[in-house]
Amino acid sequence: MEHTLTAALLGLLEGLTEFIPVSSTGHLLLAGHFLGFQSAGKTFEVVIQLGAVLAILTVYFGKLVTVFGTAHRDPAAMRFIVSVLLAFLPAVVIGVIAHDFIKTVLFESPMLIAIMLIVGGIVLLFVERIAPPATIDSAETIPFRKALAIGLIQCLAMVPGVSRSGSTIIGALMLGVSKRAAAEFSFFLSLPTMAGAVAYDIYKSRHILDFSAWSDISVGFVVAFLTAVFVVRGLLNFVSRNGFAPFAWWRIIIGSLALGALLAGF
């Protein structure tokens, strides 16, 4: 029962944090550290991310069908697909090269995660103040060069605590993309990025993966999916009204609390 409650809590964390700029991986790893939760090869943490991917597919199913169904005759749809793939490309290259270092070194450092949460929050607050006026109001019209630049910036999120959505949103804002369009582009970019990362992670860790705790994994997956659907449906309107400052302060508070606890020996 205790393991099931922990699995549900971690699934809730994944669903709540995957698509907002606060680092879902950082939250999961810190929660696992303080709760004493470990899974071989990070199987649990890896698989429940697919619940968040499924949430994007569910919420944007109609739009995705339209885009892919009309790409052969609609230049705008094809252009959007290419821009997302260009943004995804840097993560493929750097992820393959640095995978082992990320998993064996960076993922095992709660102190680094706490510090990156704080630093990322400060950066997000700063970027909201200095970002140039938005000249791009739609995720579908981001130019190829800017999409590639966003993809390069996304690679910073390979350091746990940085945040994949946070890095892509910050990059987009600095390139003149509106807050709403930046968040939506981050949604679409998450599909190939997360699916690819999970698939490659499972392949690389296939010898040590432990699926014996399938009931806990299932609970975490379902909770992550349901929570992420709720977040995805409400996030764009929330960002349009409030910007990203609430997430920045959340990062700073959680990072500071975690850092204090770690320094105190917990």
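The following paragraphs examine the structure supplied in this document. Keep in mind that this is a model prediction, so the values were computed, not measured.

1. Focus: the overall build of the protein
A count of helical and extended segments in the protein gives 11 helices and zero strands. Traced from its N-terminal end to its C-terminal end, the protein shows the element sequence α-α-α-α-α-α-α-α-α-α-α. Taken over the C-alpha trace, the protein has a radius of gyration of 18 Å; the compact-globule value for 266 residues is 18 Å, and the two agree within 12%. Total accessible area computed for the protein in this model is approximately 12400 Å², and 72% of it derives from carbon and sulfur atoms. Treating the 16 positive side-chain charges of the protein as one cloud and the 14 negative ones as another, the clouds have centres 10 Å apart.

2. Considerations on the pattern of salt bridges
For the coordinates displayed, the defined rule picks out three salt bridges. With a shortest N-O distance of 3.3 Å, K63 and E184 are connected by a salt bridge. Linking K63 in helix 4 (residues 61-70) with E184 in helix 9 (residues 179-204), this pair joins segments that are 121 residues apart in sequence. In this structure K63 comes out as partly exposed when scored by relative accessible area, which is 27%. Owing to a relative accessible area of 13%, E184 belongs among the buried residues under this scheme. K179 is paired through a salt bridge with E128; the nearest N and O atoms lie 3.0 Å apart. Taken together, the residues span a long stretch of sequence, with K179 in helix 9 and E128 in helix 6 (residues 110-130) at a distance of 51 residues. Assessed through its relative accessible area of 34%, K179 is described here as partly exposed. Each of K63, E140 and E184 takes part in salt bridges that share partners, so that together they form one network.

3. A closer look at helix 11 (residues 245-263)
Residues separated by three or four positions in an α-helix point in the same direction, a consequence of the helix having 3.6 residues per turn. For helix 11, with 19 residues, the first-to-last C-alpha span of 27 Å sits near the 27 Å given by 1.5 Å per residue. Listing the buried residues of helix 11 in full gives F247, A248, R251, I252, G255, A258 and L262. Along helix 11, the residues classed as buried sweep out an arc of 145 degrees about the axis, all on the same side. Where the residues of helix 11 are buried, they touch helix 2 (24-35), helix 6 and helix 10 (214-242).

4. A word on the packing of aromatic side chains
Inspection of the entire model under this criterion finds six aromatic pairs. A ring pair is formed by F19 and F187, whose centres lie 5.7 Å apart and whose planes are at 90 degrees; its orientation type is edge-to-face. Here F187 lies in helix 9 and F19 lies in the loop between helix 1 (2-17) and helix 2, a separation of 168 residues in the sequence. Per residue, the accessibility class of F19 equals that of F187, and both read buried. An angle of 50 degrees between the planes, with centres 5.5 Å apart, marks the rings of F238 and F247 as tilted. A relative accessible area of 28% places F238 in the partly exposed class. Ring-pair connections join several aromatic residues into one group, and the members of that group are F19, Y60, F80, F187 and F188. When the ring centre of F144 is taken as reference, the NZ or CZ atom of R79 above it lies at 5.2 Å.

5. What about helix 4?
For helix 4, the full list of buried residues reads L64, V67 and T70. One side of helix 4 holds all its buried residues, which, seen down the axis, span an arc of 155 degrees. Pointing more than 90 degrees away from the buried face of helix 4 are the exposed residues F61 and F68.

Calculation notes
Residues numbered from 1 in each chain as written. Predicted model: local features only at pLDDT ≥ 70, side-chain atom pairs only at ≥ 80, totals over all residues. Heavy atoms only, no water. Helix = DSSP H or I, 4+ residues; strand = E, 2+ residues; numbered from the N terminus. Rg over C-alpha atoms; globule rule 2.2 N^0.38 Å. Areas by Shrake-Rupley, 256 points an atom, 1.4 Å probe, with all protein chains shown as cover. Lys, Arg positive; Asp, Glu negative; His and termini not counted. Charge placed at Lys NZ, Arg CZ, Asp CG, Glu CD. Salt bridge = Lys/Arg side-chain N within 4 Å of Asp/Glu carboxyl O. Buried < 20%, exposed > 50% of the residue type's maximum accessible area, 1.4 Å probe, protein only. Expected span 1.5 Å × (residues − 1). Arc of directions from axis to C-beta. Contact = heavy atoms within 4.5 Å. Phe/Tyr/Trp six-rings, centres within 6.5 Å; stacked < 30°, edge-to-face > 60°. Lys NZ or Arg CZ within 6 Å of the ring centre and 35° of its normal.

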